[in-house]
Amino acid sequence: MTEIQKTPTWSSPDDQPFRYFMQVRYAECDAQKVVFNARYGDYVDLAATEFLQTVSDDHPAIESEFDYQVVKLTIEWKAPARSRDKLELSVRATHLGNTSFELTIDIHNAETGQYLARGEMIGVAVDPETLSKIPIPEALKEAMEQGARNRLVDHAGLFTAPQANRA
């Protein structure tokens with residue numbers, strides 16, 4: 001029997017990485033009734049976008065100075081997600097270079113804690129208008145390093161939806 005890997009426990013809220021919560025939609029599943037493998041790339045992209053938006057909230061000028069292009073994306077799949085599952089994607093900056101950065105995204109079932117997949121995305125900073133490579137703005141680099149710890153975006157309604165429909 002396969003052991004279900006659970007969401008890690010954090011020693012304190014300050015250690016908890018940024019988290020993005022979403023719900024799997026029916027159309028994201030395949031004939032096997034599990035999330036189609038390519039959708040995990042979409043999920044990683046959504047979590048990365050929310051992470052970068054959250055860390056740059058205190059620096060509104062960054063949006064006009066910075067964009068990025070994904071140059072590498074890997075997914076290590078461990079277990080299936082199904083329609084209507086609520087997912088927790090935790091995001092950490094695991095490498096910050098001069099022009100490139102790596103984000104690691106761990107995907108868990110938010111309700112059971114089961115570990116589903118890990119995504120690693122490498123992005124390269126580019127000028128939003130010319131798309132030429134640029135250094136990562138220092139303010140953004142510092143914000144990514146801090147990691148928006150203990151902050152979350154909840155598109156699954158786990159923490160923001162009315163409790164009336166819960167059993």
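Residues numbered from 1 in each chain as written. Predicted model: local features only at pLDDT ≥ 70, side-chain atom pairs only at ≥ 80, totals over all residues. Heavy atoms only, no water.

Observations concerning the overall build of the protein chain
(1) Moving on: Scanning the protein chain from N- to C-terminus turns up three helices and six strands.
(2) Moving on: Written out in order from the N terminus, the α and β elements of the protein chain read β-α-α-β-β-β-β-α-β.
(3) Moving on: Burial status across the protein chain gives 41% buried among its 167 residues.
(4) Moving on: Surface exposure of the protein chain reaches about 9,700 Å², of which carbon and sulfur atoms provide 48%. (Helix = DSSP H or I, 4+ residues; strand = E, 2+ residues; numbered from the N terminus. Buried < 20%, exposed > 50% of the residue type's maximum accessible area, 1.4 Å probe, protein only. Areas by Shrake-Rupley, 256 points an atom, 1.4 Å probe, with all protein chains shown as cover.)

Examining the environment of H59
(1) Moving on: Considering the arrangement of structural elements, one finds H59 in the loop between α1 (39-55) and α2 (62-65).
(2) Moving on: We classify H59 as partly exposed; its relative accessible area is 30%.
(3) Moving on: With near-sequence residues (within four places) excluded, H59 lies in contact with A139 and A143. (Contact = heavy atoms within 4.5 Å.)

As for helix α3 (residues 138-146)
(1) Moving on: Buried within α3 are the following residues: L140, K141, A143 and M144. Down the axis, α3 shows its buried residues gathered within 165° of arc, on one side only.
(2) Moving on: Packing partners of the buried residues in α3 comprise α1, α2, β3 (86-96) and β4 (100-109).
(3) Moving on: Positive backbone phi, at 80°, marks G147, one or two positions downstream of α3. (Arc of directions from axis to C-beta.)

Focus: the environment of Q69
(1) Moving on: Within the secondary structure, Q69 sits in strand β2 (residues 67-77).
(2) Moving on: For Q69, the contacting residues outside a window of four places in its chain are I122, G123, V124, V126 and L131.

Here's the deal with the packing of aromatic side chains
How two aromatic rings sit relative to each other is given by the distance of their centres and the angle of their planes.
(1) Moving on: Using the criterion set out here, one finds six aromatic pairs in the structure.
(2) Moving on: Measuring from centroid to centroid gives 5.8 Å for Y40 and Y43, while their planes differ by 70°, and the two rings are edge-to-face. With a gap of three residues between them, Y40 and Y43 both fall in helix α1, about one helical turn apart. Taken as a pair, Y40 and Y43 share a single burial class, namely buried.
(3) Moving on: Summarising the aromatic geometry, the rings of Y68 and F101 are spaced 5.6 Å apart at their centres and angled 70° between planes, so their arrangement reads as edge-to-face. Taken together, the residues Y68 in strand β2 and F101 in strand β4 connect sequence positions 33 residues apart. The pair formed by Y68 and F101 is uniform in burial state, with each residue classed as buried.
(4) Moving on: Every member of this aromatic cluster is reached through a ring pair, and the members are F66, Y68 and F101. (Phe/Tyr/Trp six-rings, centres within 6.5 Å; stacked < 30°, edge-to-face > 60°.)

So, the pairing of β4
(1) Moving on: Counting buried residues in β4 gives eight out of ten residues, a clear majority hidden from the surface.
(2) Moving on: Two strands pair when backbone bridges link them, and β3 and β4 are joined in this way by nine bridges, in the antiparallel orientation. Across the sheet, residue L96 finds its bridge partner in β4, namely F101.
(3) Moving on: Linking β3 to β4, which pair antiparallel, is a turn of three residues. (Pairing = 2+ DSSP bridges.)

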